[in-house]
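Here is what each chain is made of, one letter per residue.
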Amino acid sequence: MNVFDLTGKVAVITGGTRGIGMAAVERFLDCGAIVILFGSRQETVDKALAALAQSRPGAKVEGMCPNLSDAEAVKAAFARIVEEHGRLDVLINNAGISQSQSLYDYKPEDFAKIMDLNVKAVFNGCYAAAPIMKQQGGGVILNTSSMVSLYGQRSGSGYPTSKYAVNGLTKSLARELGPDNIRVNAVAPGVTDTDMVAALPEAYRKPMLAAIPMRRFGTAEDVANAFLYLASDMAAYVTGAILSVDGGCMM
Ligand code: NAD
């Protein structure tokens, strides 16, 4: 018996074309879910679907690329999914960008850009998913925070600011939606070896590694496993949690 069985569950994973999102797509497919991955462009969605067709032939996976910062576009995408599959059981708000510039170099549009995706898009996803989940008797919303939401970082202050907002939204919606049997949790990854971290200069990566008790960066699969646990019935009484997956980095 697979205690993480998700057979027949319908899951939307934003930013599912690569990195942590793609690892979550793979885990969820392997546990029997029907997955709709969201990407920023049709081209990257098609590429991800082609890779999955190779690695998991016959897997029940589809792709879409609504503008996540547009509440109406997200609502319309979810409506299409419900029309086709009859329900929406799990939403993983994973799409995000990071920033590393100094405050002195920030342009107003930089701050607007990160808030648009890391906060507004997460709100839009929750806003569109909650009524569907309430009507069907429950569901699970998982947000992607970051260890720096809890401790800050020396530059790129828009990023921890956006993730702190994600924590606030997660805890608030856990309180508000619990009575509707909708669980809302977040995963707070530490330094996870994806494109986002590969893009950092070596001068950043080295001291980061030295500060991690587990002495390795996280993998996308480490984070995907936390999503899987929180989405499964094994976490049936877990809501409002910000689960750190950071190798003990920020105890
Ligand atoms: P990544 O850059 O590899 O992937 C980001 C995903 O977001 C991609 O699928 C991309 O298509 C999507 N995306 C980017 N801009 C988008 C837009 N405007 N509209 C729709 N989708 C868009 O990053 P990752 O490391 O896999 O990060 C995934 C999540 O984990 C993010 O929310 C990130 O903040 C968070 N996180 C990552 C780390 C890390 O160390 N990698 C640490 C903490 C938190």
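Residues numbered from 1 in each chain as written. Predicted model: local features only at pLDDT ≥ 70, side-chain atom pairs only at ≥ 80, totals over all residues. Heavy atoms only, no water.

**Quick look at the nonpolar core**
Formed by 32 residues in total, the largest nonpolar core has its most connected members in Val25, Phe28, Val35, Ile92 and Phe227. Contributions of two or more residues to this core are made by strand 1 (10-14), helix 1 (19-30), strand 2 (34-38), helix 2 (42-55), strand 4 (90-93), strand 5 (139-144) and helix 9 (220-231). Looking at this core, the element that brings in the most residues is helix 9, giving eight residues. When residues no more than four places from it in sequence are discounted, the contact partners of Phe227 are Ile20, Ala24, Phe28, Ile92, Leu142, Asn143, Thr144 and Val187. One finds Ile36, Ile81, Ala130 and Leu169 within the second-largest nonpolar core, a separate group that totals 30 residues. (Core = buried A, V, L, I, M, F, W, Y, C linked by side-chain atoms within 4.5 Å. Buried < 20%, exposed > 50% of the residue type's maximum accessible area, 1.4 Å probe, protein only. Helix = DSSP H or I, 4+ residues; strand = E, 2+ residues; numbered from the N terminus. Contact = heavy atoms within 4.5 Å.)

**Some words on helix 9**
Its twelve residues place the ends of helix 9 17 Å apart at the C-alpha level, agreeing with the 16 Å of an ideal helix rising 1.5 Å per residue. Within the sequence span of helix 9, burial applies to Ala220, Val223, Ala224, Ala226, Phe227, Leu228, Leu230 and Ala231. (Expected span 1.5 Å × (residues − 1).)

**Some thoughts on the sheet that holds strand 4**
Sheets are built from strands paired through backbone hydrogen bonds, the pairs being either parallel or antiparallel. In space, the seven strands of this open sheet follow the order 3-2-1-4-5-6-7, with parallel pairing throughout. Here the strands that pair on one side only, and so sit at the sheet edges, are strand 3 (61-64) and strand 7 (242-245). For this sheet, the mean inter-axis angle between neighbouring strands, taken without regard to orientation, is 20°. Across six bridges, the pairing between strand 5 and strand 6 (residues 182-189) is parallel. (Pairing = 2+ DSSP bridges. Axes fitted to C-alpha atoms, helices over the stretch in contact; angles between N-to-C directions.)

**Some words on the site of the ligand**
Taken together, 25 residues lie around the ligand, and Arg18, Asn94, Tyr159, Thr192 and Thr194 are the ones closest in. At a separation of 3.0 Å, an oxygen atom of the ligand approaches a polar backbone atom of Gly15. The contact in question runs from an oxygen atom of the ligand to an N or O atom on the side chain of Thr17, over 2.9 Å. Protein chains bury 88% of the 830 Å² of accessible surface belonging to the ligand in isolation. Elements represented by at least two residues in the shell around the ligand include exactly helix 1, helix 6 (158-177) and helix 7 (195-198). (Near = heavy atom within 4 Å. Polar contact = N/O pair within 3.5 Å; in protein donor to acceptor, adjacent residues only side chain to side chain. Areas by Shrake-Rupley, 256 points an atom, 1.4 Å probe, with all protein chains shown as cover.)

**Examining unusual backbone geometry**
With a phi angle near 65°, Asn181 is a residue other than glycine that sits in the positive phi range. Note on placement: Asn181 falls in the loop between helix 6 and strand 6. The backbone phi angle of Arg215 is positive, close to 55°, even though this residue is not glycine. With respect to the element layout, Arg215 can be found in the loop between helix 8 (202-210) and helix 9.

**Comments concerning helix 3 (residues 71-85)**
Spanning 15 residues, helix 3 covers 21 Å between terminal C-alpha atoms, matching the ideal 21 Å at 1.5 Å per step. Turning to helix 3, its buried residues number three or more, namely Val74, Ala77, Phe78 and Ile81. Viewed end-on, helix 3 has its buried residues packed into an arc of 95°, placing them on one side of the element. Along helix 3, the residues that are exposed and aim more than 90 degrees away from the buried face are Glu72, Arg80 and Glu83. The N-capping residue of helix 3, defined by a side-chain oxygen 3.0 Å from the backbone nitrogen of Glu72, is Asp70. (Arc of directions from axis to C-beta.)

**Quick look at the packing of aromatic side chains**
Counted by the stated rule, this structure contains two aromatic pairs. Taking the centre distance of 6.0 Å and the plane angle of 40° together, the rings of Phe38 and Phe78 count as tilted. Pair noted here: Phe38 is in strand 2 and Phe78 is in helix 3, with a separation of 40 residues, a long-range link. Taking relative accessible area as the criterion, Phe38 reaches 2% and is therefore assigned buried. Taking 5.9 Å as the distance between ring centres and 15° as the angle between the ring planes, the aromatic pair formed by Phe123 and Tyr127 counts as stacked. You can see Phe123 and its partner Tyr127 sitting in helix 4 (residues 108-136), four residues apart, about one turn around the helix. (Phe/Tyr/Trp six-rings, centres within 6.5 Å; stacked < 30°, edge-to-face > 60°.)

**Remarks on the pattern of salt bridges**
Under the defined criterion, the tally for this structure stands at nine salt bridges. We note a salt bridge from Asp30 to Arg56, for which the minimum N-O separation is 2.8 Å. Within this pair, whereas Asp30 is found in helix 1, its partner Arg56 is found in the loop between helix 2 and strand 3, the two being separated by 26 residues in sequence. A relative accessible area of 46% places Asp30 in the partly exposed class. The closest approach of N and O atoms between Arg87 and Asp89, which form a salt bridge, is 2.8 Å. We classify Arg87 as partly exposed; its relative accessible area is 32%. Under the relative-accessibility criterion, Asp89 is labelled buried at 6%. (Salt bridge = Lys/Arg side-chain N within 4 Å of Asp/Glu carboxyl O.)

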